[in-house]
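Residue-level listing of the chains:
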Amino acid sequence: MSTQTTEPPRGAAAGTASPAPAARARARRTERAKDWARRAPLLPALVFLVIVTQLPFVATVVISFTRWNALAPDNRGFAAFDNYRAVFTDPAMRSSVGTTVLLTVTVVLVSLLLGLGLALLLDRSFRGRGIVRTLLITPFLVVPVASALLWKHALYNASYGLLNGVLTWIWRLFGSDSPPQPDWMTDSPLAAVEVSLIWQWTPFMMLILLAGLQSRAGDAIEAARMDGASAFDVFRYLTLPHLRRYLELAALLGTVYVVQNFDAVFTITSGGLGTANLPYTIYQTFYQAHDYGRASAQGVVVVLCSLVVATFALRTVSSLLREEVTR
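Residues numbered from 1 in each chain as written. Predicted model: local features only at pLDDT ≥ 70, side-chain atom pairs only at ≥ 80, totals over all residues. Heavy atoms only, no water.

Let us look at the pattern of salt bridges. Counted under the stated rule, the structure contains 3 salt bridges. A salt bridge links Glu248 to Arg244; its shortest N-O distance comes to 2.9 Å. Here Glu248 and its partner Arg244 are both found in helix α12 (residues 231-259), 4 residues apart, which amounts to about one turn of the helix. Looking at Glu248, the relative accessible area reads 28%, which means it is partly exposed. (Salt bridge = Lys/Arg side-chain N within 4 Å of Asp/Glu carboxyl O. Helix = DSSP H or I, 4+ residues; strand = E, 2+ residues; numbered from the N terminus. Buried < 20%, exposed > 50% of the residue type's maximum accessible area, 1.4 Å probe, protein only.)

Take a look at the structure:
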């Protein structure tokens, strides 16, 4: 007796297999529609960001390859890399690079050390800590131009400034009528700019480091103290290694902002007496020499250098976020 197997028709087999790919395609289209629905509200902000930031930068890059000086309107055209060669061979530009490095390193290191000390003090509990914290943050909230004007007129001025007034008061306590009256902005111009920036950026460093201190594991510190570790040992072997990422982040972010500082140099010294940094040199090239092509090339170079530092800052932020997530 022979057995016969009945095979389903080919059309039926095809009809049962075809809905699966069609369902997957519909699911993918639905998922893409949901993604676009989530991203659509962000498109206006993205378009605005591109128009405000990226298009001007592209225009700056294009101008940096042109020969464009308002004092010679007939001599305009494509300059290739001549502006960039002039940037790297200009003595004033090299001097401003050295001034920028010295200014940035001094401000960042000193404000970082002062911020660390203030953060360690504010990490302790004492009466009025909230008021003290608010007062210490205040310098960072002052408008940069207002801060520079405050230091220039209220503190540094040789005739009516607070610093010379204090010297006069101290000398009169000892019966002297001829107190020293130094001209701070002339005798130490770069230090005058540095001190004003340190006063402004120390609260920023303090906030970052205070956040790092308050994220420490309290049980490890208590265990170290119970084992007989001194306060210095706790700071050296527990607190400082924990703050390493926060110190790096504060230093990198401070470097990005201080390198671009223009207000203090322009307001306090007007770039004179060896205080012209990179932003002020670009200002001179653009507004005083009216060399738009070279000024654009200088700006592109500064932006690229800032991007290098900002890349390390972003990596540090990412590592901090990963550490917080894994806790």
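Below, the discussion takes up unusual backbone geometry. Located in the positive-phi region is Ser270, a residue other than glycine, with phi close to 55°. The topology assignment puts Ser270 in the loop between α13 (263-269) and α14 (278-288). Positive phi, close to 60°, is recorded for Leu273, a residue that is not glycine. In this structure, Leu273 sits in the loop between α13 and α14. The class for Leu273 is exposed, based on a relative accessible area of 59%.

Here the focus is the nonpolar core. With 37 residues, the main nonpolar core has Leu103, Val193, Leu197 and Leu209 as its most contacted residues. Residue assignment for this core shows that the elements contributing at least two residues are α5 (91-122), α7 (144-155), α10 (189-213), α12 and α13. In terms of residue count, α10 provides more of this core than any other element does, 13 residues in total. Counting residues in hydrophobic clusters, the runner-up holds 10 residues, among them Met93, Leu278, Val300 and Val301. (Core = buried A, V, L, I, M, F, W, Y, C linked by side-chain atoms within 4.5 Å.)

Turning to the packing of aromatic side chains, a few remarks are in order. Enumeration over the complete set of coordinates arrives at 19 aromatic pairs. Both rings, one in Trp201 and one in Phe204, keep their centres 5.3 Å apart while their planes meet at 85°; by these two values the pair is edge-to-face. Separated by 3 residues within a single helix, Trp201 and Phe204 lie in helix α10, roughly one turn from each other. For the residue pair Trp201 and Phe204, the accessibility class agrees, reading buried in each case. The structure contains a cluster of three or more aromatic residues connected by ring pairs, namely Trp68, Phe262, Phe266, Tyr280, Tyr283, Phe286, Tyr287 and Tyr292. (Phe/Tyr/Trp six-rings, centres within 6.5 Å; stacked < 30°, edge-to-face > 60°.)

Quick look at the side chain of Thr168 now. Looking at the element boundaries, Thr168 is found in helix α8 (residues 162-173). Those residues in contact with Thr168 that lie beyond four places of it in its chain are Pro179 and Gln181. (Contact = heavy atoms within 4.5 Å.)

Turning our eyes to something else, we now look at the packing of α10 against α12. Contact pair α10 / α12: the axes reach a minimum separation of 9 Å and the direction vectors enclose 150°. In terms of axis orientation, α10 runs roughly antiparallel to α12. The interaxial crossing formed by α10 with α12 has right-handed handedness. Here α10 contributes Trp201, Phe204, Met205, Ile208, Leu209, Gly212 and Leu213 to the contact with α12, which in turn contributes Thr239, His242, Leu243, Tyr246, Leu247, Leu249, Ala250, Leu253, Gly254, Tyr257 and Val258. (Axes fitted to C-alpha atoms, helices over the stretch in contact; angles between N-to-C directions. Parallel < 35°, antiparallel > 145°, perpendicular 65-115°, else oblique. Left-handed = near helix turned anticlockwise from the far one by under 90°.)

In this model, the protein chain carries a mean pLDDT of 84, and residues with pLDDT of at least 70 account for 91%. Within the model, pLDDT remains below 50 along residues 11-17, and this stretch shows 0 contacts once partners closer than five positions in the same chain are excluded. (pLDDT = per-residue confidence, 0-100.)

Looking at where Arg67 falls in the secondary structure, it is placed in strand β1 (residues 66-67). Sequence-wise, Arg67 and Ala80 are 13 residues apart; in three dimensions their C-alpha atoms are separated by 8.6 Å. Once you skip the residues sitting within four places of it in the chain, Arg67 turns out to touch Asn75, Arg76, Gly77, Phe78 and Ala79. Engagement of the side chain of Arg67 in a polar contact is seen with the side chain of Asn75, the distance being 2.9 Å. (Polar contact = N/O pair within 3.5 Å; in protein donor to acceptor, adjacent residues only side chain to side chain.)

This brings us to the environment of Asp82. Along the chain, Asp82 turns up in helix α4 (residues 82-89). Taking relative accessible area as the criterion, Asp82 reaches 39% and is therefore assigned partly exposed. Residues Asp82 and Ser64, spaced 18 residues apart in sequence, show a C-alpha to C-alpha distance of 9.2 Å.

Moving on: the environment of Ala92. Looking at the element boundaries, Ala92 is found in helix α5. For Ala92, a relative accessible area of 43% gives the class partly exposed. As a C-alpha pair, Ala92 and Leu121 span 29 residues in sequence and 43 Å in three-dimensional space.

Moving on to a nonpolar patch on the surface. Residues Trp36, Leu43, Leu46, Val47, Phe48, Leu49, Val50, Ile51, Val52 and Leu55 make up a contiguous nonpolar surface patch of about 960 Å² in total accessible area. The leading source of residues in the nonpolar patch is helix α3 (residues 43-64), at 9 residues. When you line up the elements, Trp36 lands in helix α2 (residues 19-39). (Patch = residues over 30% accessible without salt bridge, like charges linked within 9 Å, V, L, I, M, F, W, Y side chains within 5 Å. Areas by Shrake-Rupley, 256 points an atom, 1.4 Å probe, with all protein chains shown as cover.)

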